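An overview of the molecular structure
Spelled out, the chains give:
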Amino acid sequence: MNPQQRALLEVLQYPSNRTCADCRAPLRDNVHCAMRFGVFVCINCSAAHSQTRSWTLEGVNNHLKSVRNDKWSHREVLAVQKMGNAKVRS
């Protein structure tokens, strides 16, 4: 496991990031991150986020990334660490 993946899995351990940012379903397998908002979403809600591609967050492309299956850059991990589900919900 590389340092980016370790940091990302650590962010997922925050209580607010254990549920989908949209529907609040428990996040299990197939967790995605909506890079536009820096939030974690379930596979069902990821479909809505995949339709929006208009801007970037902290210089990170606006798209969905799989937490376990995609390669993450250091910049992408930092962007998600700054945001997260709790910040977006408030």
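Let me begin by describing the structure that accompanies this report.

Here is what the cut-offs are and how they apply
Residues numbered from 1 in each chain as written. Predicted model: local features only at pLDDT ≥ 70, side-chain atom pairs only at ≥ 80, totals over all residues. Heavy atoms only, no water. Helix = DSSP H or I, 4+ residues; strand = E, 2+ residues; numbered from the N terminus. Buried < 20%, exposed > 50% of the residue type's maximum accessible area, 1.4 Å probe, protein only. Contact = heavy atoms within 4.5 Å. Areas by Shrake-Rupley, 256 points an atom, 1.4 Å probe, with all protein chains shown as cover. Core = buried A, V, L, I, M, F, W, Y, C linked by side-chain atoms within 4.5 Å. Polar contact = N/O pair within 3.5 Å; in protein donor to acceptor, adjacent residues only side chain to side chain. Pairing = 2+ DSSP bridges. Axes fitted to C-alpha atoms, helices over the stretch in contact; angles between N-to-C directions. Salt bridge = Lys/Arg side-chain N within 4 Å of Asp/Glu carboxyl O.

**Things to note about the overall build of the protein chain**
For the protein chain, the helix and strand inventory stands at four helices and three strands. Starting at the N terminus, the α and β elements of the protein chain follow one another as α-β-β-α-β-α-α. Within the protein chain, buried positions represent 39% of all 90 residues. In the protein chain, of all internal contacts separated by at least 6 residues, the share reaching a separation of at least 24 is 49%. Of the roughly 5,400 Å² of accessible surface on the protein chain, a fraction of 49% belongs to carbon and sulfur atoms.

**Regarding the nonpolar core**
For soluble globular proteins, nonpolar side chains are generally found buried alongside one another. Core analysis: the biggest nonpolar cluster contains 20 residues, and Phe 40, Val 67, Trp 72 and Val 80 have the highest contact counts within it. Counting only elements with at least two residues in this core, the list comes to helix H1 (3-12), strand S1 (32-34), strand S2 (39-41) and helix H3 (74-82). The dominant element in this core, judged by the number of residues it contributes, is H1, at four residues.

**Things to note about the environment of Lys 65**
As for its placement among the helices and strands, Lys 65 is situated in strand S3 (residues 64-66). As a C-alpha pair, Lys 65 and Cys 33 span 32 residues in sequence and 5.3 Å in three-dimensional space. Ignoring any residue separated from it by four or fewer positions in sequence, one finds Lys 65 in contact with Val 31, His 32, Cys 33, Met 35, Asp 70, Lys 71, Trp 72 and Glu 76. Separated by 2.6 Å, the side chain of Lys 65 and the backbone oxygen of Lys 71 make a polar contact. Only 3.2 Å separates the side chain of Lys 65 from the side chain of Glu 76, close enough to count as a polar contact.

**Details of the sheet that holds S1**
The strand order across the open sheet built from three strands is S2-S1-S3, with neighbouring strands paired in antiparallel fashion. Two strands close off the open sheet at either side, each with one partner strand: S2 and S3. Taking each pair of neighbouring strands and ignoring which way they run, the sheet shows an average axis angle of 35°. Here S1 pairs with S2 via three bridges, running antiparallel. By the bridge assignment for S2, Ala 34 is matched with Val 39.

**A closer look at the pattern of salt bridges**
Overall, the coordinates contain one salt bridge when judged by the stated rule. The closest approach of N and O atoms between Lys 65 and Glu 76, which form a salt bridge, is 3.2 Å. Taken together, the positions of Lys 65 in strand S3 and Glu 76 in helix H3 put the pair eleven residues apart, joining distant regions of the chain. We note that Lys 65, like Glu 76, is buried.

**Here we look at the environment of Lys 71**
Along the polypeptide, Lys 71 turns up in the loop between S3 and H3. For the pair formed by Lys 71 and Gln 5, sequence separation is 66 residues and the distance between their alpha carbons is 8.2 Å. In this structure, Lys 71 is in contact with Lys 65 and Glu 76, ignoring residues within four places of it in sequence.

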